[in-house]
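# A structural walkthrough
What follows is each chain in one-letter form.
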Amino acid sequence: MDNNIDFKDLWKKQSVSQPNLEDLLARLKQFKKAALRSLWITNVLLIATSIFIAVIWYYYQPQFVSTKIGIIITILTMMMYLTIYNRLLNAYKNIDSTQTNQEYVQNLISIKKKQHYLQSTILSLYFVLLTIGLCLYMYEYASRMTVFWAIFTYAMTLFWMGINWFFIRPKQIKKQQAKINSLIEKFEDVSNQLH
């Protein structure tokens, strides 16, 4: 059984089904484009945020060591996340229109595994380190506030982190998984029809 079936040749022979292949390849192209756009936007936003934090450090010269440690942890956390997230770039670039069915499926499964690792292990580490960094950073400024406002500031910050962790993050993960699972399923269905 040859797993390196050329989609285009087989589907071109079936005039009735040809639009389905074109639709599937268009969906794959759209998935790739959206994933690359998301990757670039994330890079720009996290790098800009890191630069902004560094500028704040430079111009406002925090006095507490905890503030400096918080800034360092926050920036290093964002750079760690970007370094690992950018490993998906090659996986996305490896998807092209000349591949066989099996190559499409293997690339999509590889992306799915990398996304799962990023969404579970790395994102958990990212949120923990970011929370620690922000809490350390805020300590100097919270120490100048009244007790009420210091508690309120920490509570609002932790509340926002909680919303991101418990509501926004799971929705994003579910959405990404649904897209890639749908593509894998469609390519596997086509593969099964050809055997």
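Residues numbered from 1 in each chain as written. Predicted model: local features only at pLDDT ≥ 70, side-chain atom pairs only at ≥ 80, totals over all residues. Heavy atoms only, no water.

### Describing the overall build of the chain
Test applied: Strands are runs of DSSP state E lasting at least two residues, helices are runs of H or I lasting at least four, and both sets are numbered from the N terminus onward. With a 1.4 Å probe rolled over the protein chains alone, any residue whose accessible area is under 20% of its type maximum counts as buried; one over 50% counts as exposed, and the rest are partly exposed. Throughout, a residue-residue contact means that at least one pair of heavy atoms, one from each residue, lies within 4.5 Å.
When you go through the chain residue by residue, the secondary structure sums to six helices and zero strands. Mapped from its N terminus to its C terminus, the chain presents α and β elements in the order α-α-α-α-α-α. Across the 195 residues in the chain, those meeting the buried criterion constitute 36%. Pairs at least 24 apart in sequence give 78% of the contacts found in the chain among residues at least 6 apart.

### Observations concerning the confidence of the model for the chain
The following threshold applies: Scored from 0 to 100, pLDDT reflects the predictor's confidence in each residue.
Per-chain confidence: the chain averages 87 in pLDDT, with 87% of residues scoring 70 or above. Ranking the helices and strands of the chain by mean pLDDT puts helix α3 (residues 65-85) first, with 96, and helix α1 (residues 7-13) last, with 58.

### Comments concerning unusual backbone geometry
The phi angle of most residues is negative, glycine excepted, and most peptide bonds adopt the trans form. You will see that Gln 61, though not glycine, has its phi angle at about 40°, which is positive. Tracing the chain through its elements places Gln 61 in the loop between α2 (18-60) and α3. Taking the relative accessible area as the measure of exposure, Gln 61 reaches 46% and is therefore partly exposed.

### Looking at the pattern of salt bridges
Operational definition: Should a side-chain nitrogen of Lys or Arg be within 4 Å of a carboxyl oxygen of Asp or Glu, the pair is scored as a salt bridge.
Across all of its chains, the model carries one salt bridge by this definition. Arg 144 is the salt-bridge partner of Glu 140, the closest N and O atoms lying 2.8 Å from each other. In this structure Arg 144 comes out as exposed when scored by relative accessible area, which is 55%.

### Observations regarding the nonpolar core
For clarity, the threshold we go by: By convention a nonpolar core is built from buried Ala, Val, Leu, Ile, Met, Phe, Trp, Tyr and Cys residues, the set being connected through side-chain atoms within 4.5 Å.
Tyr 81, Tyr 92, Leu 108, Ile 111, Tyr 126 and Phe 187 are the most contacted members of the largest nonpolar core, which totals 37 residues. Of all elements in the fold, only α2, α3, α4 (88-93), α5 (101-142) and α6 (147-194) reach the threshold of two or more residues within this core. Top contributing element to this core by residue count: α5, with 10 residues. Leave out the neighbours within four places in its chain, and Tyr 81 touches Thr 42, Leu 46, Leu 118, Ile 122, Leu 123 and Tyr 126.

### Things to note about the environment of Gln 115
The cut-off we apply is this: Polar contact criterion, stated in full: a pair of N or O atoms within 3.5 Å, where within protein one must be able to donate a hydrogen and the other to accept it, and residues adjacent in sequence count only if both atoms are side-chain atoms.
If you trace the backbone, Gln 115 turns up in helix α5. Considering only alpha carbons, one finds Gln 115 and Tyr 85, 30 residues apart in sequence, at a separation of 8.5 Å. Here Tyr 92 takes part through its side chain, which lies 3.1 Å from a polar atom of the side chain of Gln 115.

### So, α5
Rule in force here: Given a helix with a known number of residues, its expected span is that number minus one, times 1.5 Å. Bending is quantified residue by residue as the angle between axes fitted to the seven-residue window ending at that residue and the seven-residue window starting at it.
In a regular helix each residue adds 1.5 Å, so 42 residues correspond to 62 Å; α5 covers 57 Å between its end C-alpha atoms and thus fits that length. When the local axis directions of α5 are compared, the greatest deviation, roughly 35°, occurs at Ile 122.

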